[in-house]
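So the chains spell out like this:
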Amino acid sequence: MCLAVPGRIVEIADEGLARAARVSFGGLVKQISLAVLPEARVGDYVMVHAGFAISVVDEAEAAEVWGVLKQMAALAEEETP
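These notes cover the structure that comes with them. Note that this is a predicted model, so its numbers are computed, not measured.

Procedures and definitions
Residues numbered from 1 in each chain as written. Predicted model: local features only at pLDDT ≥ 70, side-chain atom pairs only at ≥ 80, totals over all residues. Heavy atoms only, no water. Helix = DSSP H or I, 4+ residues; strand = E, 2+ residues; numbered from the N terminus. Buried < 20%, exposed > 50% of the residue type's maximum accessible area, 1.4 Å probe, protein only. Lys, Arg positive; Asp, Glu negative; His and termini not counted. Charge placed at Lys NZ, Arg CZ, Asp CG, Glu CD. Pairing = 2+ DSSP bridges. Salt bridge = Lys/Arg side-chain N within 4 Å of Asp/Glu carboxyl O. Patch = residues over 30% accessible without salt bridge, like charges linked within 9 Å, V, L, I, M, F, W, Y side chains within 5 Å. Areas by Shrake-Rupley, 256 points an atom, 1.4 Å probe, with all protein chains shown as cover.

Things to note about the overall build of the protein chain
Of regular secondary structure, the protein chain possesses one helix and five strands. Moving toward the C terminus, one meets the helices and strands of the protein chain in the order β-β-β-β-β-α. Expressed as a percentage of the 81 residues in the protein chain, the buried residues total 27%. Across the protein chain, the 6 positively charged side chains and the 12 negatively charged ones have centroids separated by 8 Å.

What follows is the structure, encoded as structure tokens:
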């Protein structure tokens, strides 16, 4: 199973194919590759999988995915003995 998590680009280091961004995931900031998303800009929401931004999404879609992830976490906590 693959899982992509939405985050918001807060900074971009433009270095050609090594183009990278600092992406905020609800306050946790990580360095992410933008090699496959040359169109991504600061302020964009992106779906991130295995350290790579794989698509640009709008804020509403990002919020929807975060909502589903929170529901999954709550269910997992209920099932933990």
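Now that the structure has been shown, we can carry on.
Section: the pairing of strand E4 (residues 45-49)
Relative to E4, strand E1 (residues 5-13) is paired through four bridges, and the arrangement is antiparallel. Bridging across to E4, Gly7 finds its partner in Val46. Here E4 pairs with strand E5 (residues 52-57) via five bridges, running antiparallel. The residue bridging His49 from the neighbouring strand is Phe52, located in E5. Turn length for the E4-E5 hairpin, with the two strands adjacent in sequence and antiparallel, is two residues, and the turn residue Ala50 shows positive phi of about 55°.

Some remarks on the pattern of salt bridges
A side chain with one charge can pair with a side chain of the opposite charge if their charged atoms come near. All told, the structure shown has one salt bridge when counted by the stated rule. In this structure, the salt-bridge partner of Arg22 is Glu11, at a minimum N-O distance of 3.5 Å. Of the two residues, Arg22 is situated in strand E2 (residues 20-25) and Glu11 in strand E1; the sequence distance between them amounts to eleven residues. Residue class for Arg22 comes out partly exposed when judged on its relative accessible area of 38%.

Notes on a negative patch on the surface
Taken together, the side chains of Asp58, Glu59, Glu61 and Glu64 define an acidic patch exposed on the protein surface. Position of Glu64 relative to the elements: it lies in helix H1 (residues 59-79). Of the residues examined, Glu64 reaches a relative accessible area of 57% and is grouped as exposed.

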